[in-house]
Structures are given as structure tokens and as C-alpha cells.
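# Examining the three-dimensional arrangement
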Amino acid sequence: MKNIIGIRFKKLGKIYFFNPKGLKVKKGDKVIVETSQGEEYAEVLIPNRYVEDDKIVAPLKKILRIATNKDNKRHEECKKIEKEAFKICEEKIKEHKLNMVLTEVECKFDNSKILFYFTADGRIDFRDLVRDLAAIYKTRIELRQIGVRDEVKRIGGNGVCGRELCCCTFLSDFETVSIKMAKEQNISLNPSKISGNCGRLMCCLKYENDVYEEKLQKLPNIGAIVKTEDGEGEVDSIEILKEKIRVKLRNEEGYTYKKYDAKDVKIIKDVVREQINEEELQNKKELEELEKLEQEDKKISNKAN
């Protein structure tokens, strides 16, 4: 067991574990921490707590001190620089006629560099822009391309559910989402219904995916031959969360359909049959494009981090 505190550098940013080095802190405290890029100003989200060793990525970086008045003033200076740099960079982007959208500026606490985050379709030659910014701020300038999800997170808004976007309230890290998740959850495969404000697959598709995968392992596939209290039949449809199956039974008049709890039927012969989804076929190109954009965003995100 190790004593840790959890901090984050940005609002709704990812939470990182740090070594408190004997300091006692409370939620909301501002601290100065040691990172691979120098000293950083951060907020405490998780006060002193003991956690299992296997939940920690060693070695833990340490807290240097609780932020002083001088540190707080420096942080405010950084915020002013970021606001000014954002306007100047936007002007320079127009001047150089670059097809990119500036989303955020981050001034390092120790003044070692200023980072400019942007979105763009494809690669951008921003060398002249970097030279101009370096001449103005006399420090290291770094431009990082980010995905559209990060842009929407910064702008904010409400989802189709009517609530504030998850990425603007509690989601600190974006996970990979796939069309397969929508299929397993029997959700509409219409791109407009499974895409969020960012134009990418909705993050909430991931939330219940593990539950669906676990339950699907216990259930027969559609088309499987099963034994029921009313005789043998073929699985016609499945209600995954309820763990119920509808079985097609043959009788003298033709066929009847009846629902059973999955635990009350015995699988005689299971099959893996490719289900033809008309909605999927109709939207095939758009769904493939969504998958492609998802992969591209993941690459951009990995480079930015």
C-alpha cells in the first residue's frame, strides 16, 4: 500500500497519482508538482489516500510544495499570457492562410515553453507560424494537433439525451468506441443516431459495453437450436440485458413464438450466423467513414499525449 494524492492540471483533465512526500492536503488545494517537463501547477482532486501497489504506475512523481501566494500569482500570469497568445496566434494563422483551428493555449508554469493546440484536416506546415510566435515570446513554441472530441470538450454543449456533454462534466479521458459496440447493444446503426456533437461515435456506447459482452457469452446466437419445456426450437431473437430469448417452435399449424429465460433452455446446437442488418447495409459507407475517423482521431490523440 502506498500513500498517494490525485491531482489534475486542467479542468476535467485526467487524474494523476503523485507522492505527497509527507504533506497533508485536502481536496481543492493548489500544489506545485514535479513532472517530466518541469514544475507544474495543479489542483488536488483526491486527498491523501492509501492504494494498492498494483494500481500505481511506478515511480511516482512527487509534490514539491503547497502553492504559495507567489505560485498563485505566477499561475495567473500564465493565464493572461495564454489569453493574449491565443489572439495573436489566431491572427498569425490568418496571415499565413493556414487551414487549422486553434483550440487552446497552454503556458508552462516554469516558462519553459508555450503549447498551442489545434484541429485540422490532414497535415499542416506550420513552421513559419512557429518562427513568428517564437520571435514574439522568446521561448520554446510547440504546436500539437488534437482530435475534434477535444475541441467539443472545450466548447461545451448538450447531447441528444438533453444533458450536458459527458466530456464537459466528468469524462477525463476518451476511450476508443466502435460500431461493433452499437451492434452488440442492438442500437440503431444510423450514423446520425449514434454520433455525438463532435461528429464521432458517442462516448456513452462504451459505458455498458462490458455488461453486454459478459451477458452475450451466456446466451445462444440467433439461429441456434435449443430445447425448451415446449420442445425443440430455433432462437429467433434475444433480449440481452433481460437474458431472455424468443424461440421459434414448430407445431401442426406451422410456427409459434414464445419467450423463455435463457437459464431455462438448453443449447443443442449453437451457430454463428451473420445477421443481415438492413440499416447497416443502407448506411455502410457512412459507418465505414465513422470507423476511419475514429482510428485517425486515436492516432492524433496518441501523438498529442
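We now turn to the structure provided with this report. The structure displayed is predicted, hence computed values, not measured ones.

## Considerations on the nonpolar core
With 21 residues, the main nonpolar core has Met100, Phe116, Leu129, Leu133 and Leu143 as its most contacted residues. Taken together, the elements giving at least two residues each to this core come down to helix H1 (69-95), strand E6 (101-107), strand E7 (113-119), helix H2 (127-137) and strand E8 (140-145). For this core, the element with the most residues is H1, which contributes six residues. Once residues lying within four places of it in the same chain are set aside, the contact partners of leucine 143 are Met100, Phe116, Phe118, Phe126, Leu129, Val130 and Leu133. Leu219, Val226, Val235 and Leu249 belong to the second largest nonpolar core, which has 13 residues in total.

## A look at the sheet that holds strand E10 (residues 231-239)
Reading across from one edge, E12-E11-E10-E9-E13 is the order of the five strands in this open sheet, with antiparallel pairing throughout. The strands lining the two open edges of the sheet, one partner per strand, are strand E12 (254-261) and strand E13 (266-269). Across the sheet, the axes of successive neighbouring strands diverge by a mean angle of 45 degrees, strand direction being ignored. Here four bridges tie strand E9 (residues 225-228) to E10, and the two strands are oriented antiparallel to one another. Bridge pairing in E10 links threonine 228 to glycine 231.

## Focus: the sheet that holds strand E1 (residues 2-8)
Spatially, five strands are ordered E2-E1-E4-E3-E5 in an open sheet, and the strand pairing comes out antiparallel. Bordering the open sheet on either side are strand E2 (16-18) and strand E5 (63-66), each of which pairs with just one other strand. Between one strand axis and the next, the sheet turns through 45 degrees on average, direction left out of account. Direction of pairing for strand E3 (residues 30-35) relative to E5: antiparallel, over a ladder of three bridges. If you follow valine 33 over to E5, its bridge partner there is isoleucine 63.

## Considering the pattern of salt bridges
Inspection of the entire model under this criterion finds 26 salt bridges. Where arginine 127 meets aspartate 125, a salt bridge forms, and the shortest distance between an N and an O atom there is 2.8 Å. Taking the relative accessible area as the measure of exposure, arginine 127 reaches 55% and is therefore exposed. According to the relative accessible area criterion, aspartate 125 is partly exposed, its value standing at 48%. We note a salt bridge from arginine 246 to aspartate 236, for which the minimum N-O separation is 2.4 Å. Here aspartate 236 lies in strand E10 and arginine 246 lies in strand E11 (residues 244-251), a separation of ten residues in the sequence. Among the charged side chains, a network of salt bridges with common partners joins Lys10, Glu40, Glu104, Glu106 and Lys108.

Calculation notes
Residues numbered from 1 in each chain as written. Predicted model: local features only at pLDDT ≥ 70, side-chain atom pairs only at ≥ 80, totals over all residues. Heavy atoms only, no water. Core = buried A, V, L, I, M, F, W, Y, C linked by side-chain atoms within 4.5 Å. Buried < 20%, exposed > 50% of the residue type's maximum accessible area, 1.4 Å probe, protein only. Helix = DSSP H or I, 4+ residues; strand = E, 2+ residues; numbered from the N terminus. Contact = heavy atoms within 4.5 Å. Pairing = 2+ DSSP bridges. Axes fitted to C-alpha atoms, helices over the stretch in contact; angles between N-to-C directions. Salt bridge = Lys/Arg side-chain N within 4 Å of Asp/Glu carboxyl O.

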